[in-house]
Amino acid sequence: MAQVLSFRVLISAETHRTSSSSSSNLKSLKMPKRVSKKSTSAPRKGSLNPLHKTQKLNLEVSPHRAVSAVRLMRIEFGGAFADLLNEKGKGSGDNEMGYVERTIGFRTRDLDARDLRLVTDIVGGTIRWRRYLDHLISSLCRAENTIKSMEPLLLQILRVGSYEIVKLDMPPYAVVDENVRLAKVALRPGAGNMVNAILRKLILLKENDTLPLPKLEGDDRAQARALATLYSHPVWMVRRWTKYLGKEEAIRLMEWNNSDPSFSLRANTAKGISRADLVTKLNSLEVPHEPSLHLNDFVRIKTGLQSVIQSGLLKEGLCSVQDESAGLIVSVVDPQPGESIIDCCAAPGGKTLNMASRLSGQGMISAVDINKGRLRILKETAISHQVDDVINIIHADLRTFAENNTVKCDKVLLDAPCSGLGVLSKRADLRWNRKLEDMEELKNLQDELFDAASILVKPGGALVYSTCSIDPEENEERVAAFLLRHPEFSIDPVDRYVPPDFVTERGFYFSNPVKHSLDGAFAARLVRVT
């Protein structure tokens, strides 16, 4: 993971730093609550029993469906991340089939390249469309509450099959047969019969254009619930976006969140790699790409990321995965050779590395973070990027560090823990993990960190506050509240640092996912005048 800078290091590192509650490590799965009474009395196939060790090989079950169903269970119940891939593109690497065996009691054949692509598509799509799929499945069950008491593995198989039928261009009856076989072998014949009945009914309804979907009618609450189902988002997000953006813009945002994400690669200039060099390597890999319109060391790719990972470009530190919206935040900081800079919530380090590459070996970045494990990843990555000579790793709570630190710096970046509402296209699982009550806790934390970061700025120095959120309460409102508490700071408009299309009326940086086709992000640049 440290070697590749892949999806938790420098994809979701720059898919950005959301609050620590959404960044738990991969843990052994706990028994989920939604299991049948029988499965609690004795271990059975489909329960998450870590002691269930077999060496069975089943060549008849579809490998990509088995892996997808198990991976979905890990994401929902075990804290795994939807976008966590290793250099082989196999989710949990060599352990992938081990998870399958421990969960459903047998292995399938190994995944080939086509299987890997399907797993990625199905897992990401099923997570995005979970509320929508659950509505369809529930509508086709005889009892209204069947889905709430359904065995976790059975529910994941139904979700996978439903997604393949309604969202992917796959032969419908092959989808039914393969998912029925998986349910029968992994669970029991009765489970297969249930999958067969629901998926066949779903096929008929889709062919007749009569899917049981909610109508946009009634009061605002009723319409928000309908939109939440139709576009598969939590109701509270729909209501919040409708309030701030209006219904039509909220719908466009949800459509963006449900689209297949694109990714950007940053050429590591600190290692002598230019964008032209990176383009040459992408051409040799036959990875489609286009240059960034906003940053001269970035390249955007829609497909082929697994090929990039497998080629070793990330492992060798020749490039990193970073969204352009995050790169533009670094532009707002505008690091210059010889400067002293503090990155306050640095790990796992995407922006730290980007800033370090701009110092030309002169100056120092103090990378402060409370998470020791993620700092270790940053340290190892800095070595592979050949920027470790300008990065000083500091394991500390920013609030304590600021109180005890007497040195003031030229520039301070606070990339604050946030809701991550700007990165829901890449972080498919985040929408289901974030709660409305999180917002107040995050705002309090952001204020505390903002105050702490301000202590570290020398007179005439710059403080940049940034998030990967599109929510004004985490962005403009936090800056306004800070300026009331700290009259010694004033706004430094960002129009000198980023293209004008990203500059708000108040002089802040804002990346709009719908408008700019990038992750949502925000940054305010403040100068300490006294």
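All values reported here derive from a predicted model rather than from experimental measurement.

The rules we used
Residues numbered from 1 in each chain as written. Predicted model: local features only at pLDDT ≥ 70, side-chain atom pairs only at ≥ 80, totals over all residues. Heavy atoms only, no water. Helix = DSSP H or I, 4+ residues; strand = E, 2+ residues; numbered from the N terminus. Contact = heavy atoms within 4.5 Å. Areas by Shrake-Rupley, 256 points an atom, 1.4 Å probe, with all protein chains shown as cover. Core = buried A, V, L, I, M, F, W, Y, C linked by side-chain atoms within 4.5 Å. Buried < 20%, exposed > 50% of the residue type's maximum accessible area, 1.4 Å probe, protein only. Salt bridge = Lys/Arg side-chain N within 4 Å of Asp/Glu carboxyl O. Polar contact = N/O pair within 3.5 Å; in protein donor to acceptor, adjacent residues only side chain to side chain. UniProt positions renumbered as here; feature names shortened; annotations may be inferred. Pairing = 2+ DSSP bridges. Phe/Tyr/Trp six-rings, centres within 6.5 Å; stacked < 30°, edge-to-face > 60°. Lys NZ or Arg CZ within 6 Å of the ring centre and 35° of its normal.

Undergrad: Help me out: how do you make sense of the overall build of the protein in this one?
TA: A count of helices and strands for the protein gives 23 helices and twelve strands. In the protein, the share of contacts with a sequence separation of at least 24, taken over all contacts with a separation of at least 6, comes to 76%. Approximately 21,700 Å² of the protein is accessible, and the part contributed by carbon and sulfur atoms is 50%.

Undergrad: Please explain the nonpolar core as it appears in this structure.
TA: Where a protein is soluble and globular, its nonpolar side chains tend to be buried together. If you look at the biggest cluster of nonpolar residues, it comprises 56 residues, and the most contacted ones within it are Ile104, Leu153, Leu158, Leu182 and Val195. Elements with a minimum of two residues in this core: helix H3 (63–78), helix H4 (96–104), helix H5 (113–128), helix H6 (130–140), helix H8 (152–166), helix H9 (172–186) and helix H10 (189–207).

Undergrad: What is the right way to read the pattern of salt bridges from this model?
TA: Any two side chains of opposite charge can pair, given that their charged atoms come close. According to the stated counting rule, one finds 29 salt bridges in the structure shown. Of the charged contacts, one joins Arg240 and Asp471 as a salt bridge, the two residues approaching to 2.4 Å between their closest N and O atoms. In this pair, Arg240 is assigned in helix H12 (residues 235–245) and Asp471 in the loop between strand E9 (457–467) and helix H22 (476–485), connecting sequence segments 231 residues apart. For the pair Arg240 and Asp471, a shared accessibility class is recorded, and that class is buried. Two residues, Glu448 and Arg399, come together in a salt bridge whose shortest N-O distance is 2.6 Å. Highlighted residues: Glu448 in helix H21 (residues 436–455) and Arg399 in helix H19 (residues 398–404), separated in sequence by 49 residues. The network of salt bridges with shared partners includes Arg240, Glu440, Lys443, Asp471 and Glu473.

Undergrad: Is there a simple way to think about the environment of Thr120 in this case?
TA: Structurally, the position occupied by Thr120 is in helix H5. Using a relative accessible area of 33% as the deciding quantity, one classes Thr120 as partly exposed. Thr120 sits 56 residues away from His64 along the chain, and the two C-alpha atoms are 9.3 Å apart. Looking at Thr120, its side chain comes within polar contact range of the side chain of Gln306, at 3.2 Å.

Undergrad: It is not clear to me how the environment of Arg159 should be interpreted in this structure. Could you clarify?
TA: Within the fold, Arg159 resides in helix H8. Residue class for Arg159 comes out buried when judged on its relative accessible area of 2%. As a C-alpha pair, Arg159 and Ile137 span 22 residues in sequence and 7.8 Å in three-dimensional space.

Undergrad: Please clarify how the UniProt feature "active site" (unreviewed entry) in the protein should be interpreted in this entry.
TA: When the UniProt feature table is mapped to this numbering, "active site" (unreviewed entry) covers Cys468. Checked against the element boundaries, Cys468 lands in the loop between E9 and H22.

Undergrad: Please clarify how the sheet that holds strand E2 (residues 290–291) should be interpreted in this entry.
TA: With antiparallel pairing, four strands are arranged side by side in an open sheet as E2-E3-E1-E4. The open sheet is flanked by E2 and strand E4 (319–321), the only strands paired with a single partner. Pairing geometry for strand E1 (residues 263–267) and E4, over three bridges, is antiparallel. Looking at the pairing, Ala267 lines up with Cys319 of E4.

Undergrad: Is there a simple way to think about the packing of aromatic side chains in this case?
TA: One pass over the structure, following the stated rule, counts six aromatic pairs. Here the aromatic rings of Trp129 and Tyr132 are separated by 5.3 Å at their centres, their planes lie at 70°, and the arrangement is edge-to-face. The burial state of Trp129 is the same as that of Tyr132; both residues are buried. Each residue in the set Phe450, Tyr465, Phe482 and Phe489 is aromatic and connected to the rest through ring pairs, giving one cluster. The ring of Tyr132 carries the charged tip of Lys167 above its face, separated from the ring centre by 4.9 Å.

Undergrad: Help me understand the pairing of strand E8 (residues 409–415), please; the structure alone is not making it clear to me.
TA: The side chains of a regular strand alternate, residue by residue, between the two faces of the sheet. The buried count for E8 comes to seven of seven residues, which makes it a mostly enclosed element. Where strand E5 (residues 340–343) lies against E8, three bridges are found, and the strand directions are parallel. When the sheet's bridge partners are listed, Ile341 is paired in E8 with Lys411. In the sheet, E8 pairs with E9 via six bridges, with the strands oriented parallel.

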